[in-house]
Structure formats: structure tokens, C-alpha cells
Amino acid sequence: MVTRSSSSRSQAALGFRAHSGWAALVAVAGPVAEPTAVLRRRVVLSDKTPRQPFHAAEGQPFAAAEELIRRSTGEAQALAEREVQEAVAQLRAMGHEPVSSGLLLAAGRPLPGLREVLASHAFIHTAEGELFREVLREATRRCGLLPVEVRERDLEDRAARSLRRSATELQRRVADWGKALGSPWTQDEKRAALVAWLALSAGE
């Protein structure tokens, strides 16, 4: 479990934006009013199994499809846990104490059982994203990080309210972090950074 940082260690938060088979991770640290982006990683969530396991399972006999999803989920869980543990260790080595994590969610709708998912291309797309978000959720929980989850479409409004900053100021700050860290600093990293800042405020 995470212990609260001492006066000599700044608190930190991890932020994630997941894709099929990988996720962007950005960590921010320092006082909530003036944090700094201190870490950026590409989190690999698929190696020996397909990056889009539900797409790969579509059209297969159900038993084979079920086994493929099981193996893909197991591998993603193991990789997510390793990646999050490494990020936490790296932050601690830098003098920061991770206390929380932010995860971006899709608008989403509840998923039915696997047979129904594999029969619907729309459900397949939803299930791909949910699989990788779920393994990140579990990996951060195992590290004892306070979870903060935000629908992607609500991120800017929620950040502006919680952090008491205008949208323009938030965008400027996140852009400045990208200049300091260097490329890549795409929409993935920007949004992961913003949800990390939001999570840092919840970890106070």
C-alpha cells in the first residue's frame, strides 16, 4: 500500500489514456497548485496476444474465442501490473510518492456476455477499450493508489471546476509540460497529464 509522503517527498499522481494493446502514461508531481509533469511512458499491454483480441476472436468457434480472450486478458493484466509497479518505483527513485491515479473512460454502455459481444461489431469496439482500462484499474488498485476515473468527454469541465483554472490556463500549462518533457506530446499525453493533475488534487 502507498504511504503518504513525508515533508521531503512531493506527492505524485499517474494518468492513463488507454488504447488497444497500450496506454499513454503521464505522471505529475508537486503541489496541486503548481505541479510538474515528471514522467512519461508508453505502457505496453499486449505482446504475444493480439492488440485487438475481440476483433481477433470474431468469427472463431466460441470455445476458441473464449480462450483467446482469456489469454489476452491474463497477459494484459500481467503487463499492466509490471508497468505500473515500474512507474511507481521510478517516481519514488525521483523523490516523489505516488498517491493516486487517473483513468480516462469512454462514454460507454454496459456490455452483455461474450457471445453477444462477439455478435456485434459495436460491442467489440467497446469491449476492446474496456479490457485495457480494466487491467490498468486493477494494476493501480494493487499498488494502493487512490482511483480517479473521468469520462473523456467530461475531462476539461471537471478539471476546470476541481482545479479552479480556466480551460485556456489548463491547456497552456499542459502544453508547457510537453515542451519540458519533449516529444512525443500528442493528445494522448496531454489528456493523460490532465487526468493525472486531477487525480493529484484528489490525493491531497
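Bear in mind that the values here come from a model prediction, so they are computed numbers and not experimental data. (Residues numbered from 1 in each chain as written. Predicted model: local features only at pLDDT ≥ 70, side-chain atom pairs only at ≥ 80, totals over all residues. Heavy atoms only, no water.)

Looking now at the environment of Glu 66. Along the chain, Glu 66 falls in helix α2 (residues 62-93). Among the residues examined, Glu 66 registers a relative accessible area of 42% and is labelled partly exposed. When the C-alpha atoms of Glu 66 and Leu 118 are compared, they prove to be 10.0 Å apart, with 52 residues separating the residues in sequence. (Helix = DSSP H or I, 4+ residues; strand = E, 2+ residues; numbered from the N terminus. Buried < 20%, exposed > 50% of the residue type's maximum accessible area, 1.4 Å probe, protein only.)

The next point concerns α2. With 32 residues, α2 extends 46 Å between its outermost C-alpha atoms, agreeing within 8% with the 46 Å of an ideal straight helix rising 1.5 Å per residue. Once α2 finishes, Gly 95 follows within two positions and takes phi at roughly 95 degrees, a positive value. (Expected span 1.5 Å × (residues − 1).)

We now examine the sheet that holds strand β2 (residues 22-29). The five strands lie next to each other as β3-β2-β1-β4-β5, forming an open sheet whose pairing is mixed. One side of each edge strand has no neighbouring strand; the edge strands of this open sheet are β3 (36-44) and β5 (146-151). Within the sheet, the average angular offset between the axes of one strand and its neighbour, ignoring direction, is 25 degrees. Pairing between β2 and β3: eight bridges, direction antiparallel. Opposite Ala 24, over in β3, you have Arg 42 as the bridge partner. Strands β1 (10-19), β2, β3, β4 (96-105) and β5 of the sheet are contacted by helix α4 (residues 121-142), whose axis makes an angle of about 160 degrees with β4. (Pairing = 2+ DSSP bridges. Axes fitted to C-alpha atoms, helices over the stretch in contact; angles between N-to-C directions. Contact = heavy atoms within 4.5 Å.)

Looking at the chain as a whole, its pLDDT mean stands at 93, while 96% of the residues score no less than 70. Confidence drops under a pLDDT of 50 for residues 1-6, and excluding neighbours within four residues, the segment shows 17 contacts in the predicted structure. (pLDDT = per-residue confidence, 0-100.)

The next point concerns the pattern of salt bridges. Inspection of the entire model under this criterion finds 22 salt bridges. As a salt-bridge pair, Arg 41 and Glu 86 come within 2.9 Å of each other at their nearest N and O atoms. Of this pair, Arg 41 sits in strand β3 while Glu 86 sits in helix α2, placing them 45 residues apart in sequence. Overall, Glu 86 belongs to the partly exposed group, its relative accessible area being 37%. (Salt bridge = Lys/Arg side-chain N within 4 Å of Asp/Glu carboxyl O.)

Counting 37 residues, the largest nonpolar core has Phe 16, Leu 25, Leu 45, Phe 54 and Leu 136 as the members making the most contacts within it. Elements supplying a minimum of two residues to this core: β1, β2, β3, α1 (53-57), α2, β4, α3 (114-118) and α4. A total of nine residues in this core trace back to one element, the largest contributor, which is α2. Those residues in contact with Leu 45, other than ones at most four positions away along the chain, are Gly 21, Trp 22, Ala 23, Ala 76, Leu 79, Ala 80, Phe 132, Val 135 and Leu 136. (Core = buried A, V, L, I, M, F, W, Y, C linked by side-chain atoms within 4.5 Å.)

This next bit is on the packing of helix α5 (residues 155-163) against helix α7 (residues 187-202). Put simply, α5 and α7 touch, their axes get as near as 10 Å, and they point 35 degrees apart. The crossing of α5 and α7 is left-handed. Two secondary-structure elements touch here, α5 through Leu 155, Glu 156, Arg 158, Ala 159, Ser 162 and Leu 163 and α7 through Arg 191, Leu 194, Val 195, Trp 197, Leu 198 and Ser 201. When grouped by side-chain class, the residues that make up the contact of α5 with α7 number seven nonpolar, two polar and three charged. (Left-handed = near helix turned anticlockwise from the far one by under 90°. Nonpolar A, V, L, I, M, F, W, Y, C, P; charged D, E, K, R; others polar.)

Right, let's talk about the pairing of β4 for a bit. Of all ten residues making up β4, ten are buried, and the element is well covered by its neighbours. In this structure, β1 lies alongside β4, joined through seven bridges in parallel fashion. Each bridged residue has a counterpart across the sheet, and for Ala 12 the counterpart in β4 is Pro 98.

Under the 1.5 Å per step criterion, the end-to-end length of α4 is 32 Å for 22 residues, consistent within 8% with the ideal 32 Å. Every buried residue belonging to α4 is among Phe 123, Ile 124, Ala 127, Glu 128, Gly 129, Leu 131, Phe 132, Arg 133, Val 135, Leu 136, Ala 139 and Thr 140, and all of these are buried. Backbone geometry just downstream of α4 places Gly 144 in the positive-phi region, at approximately 75 degrees.

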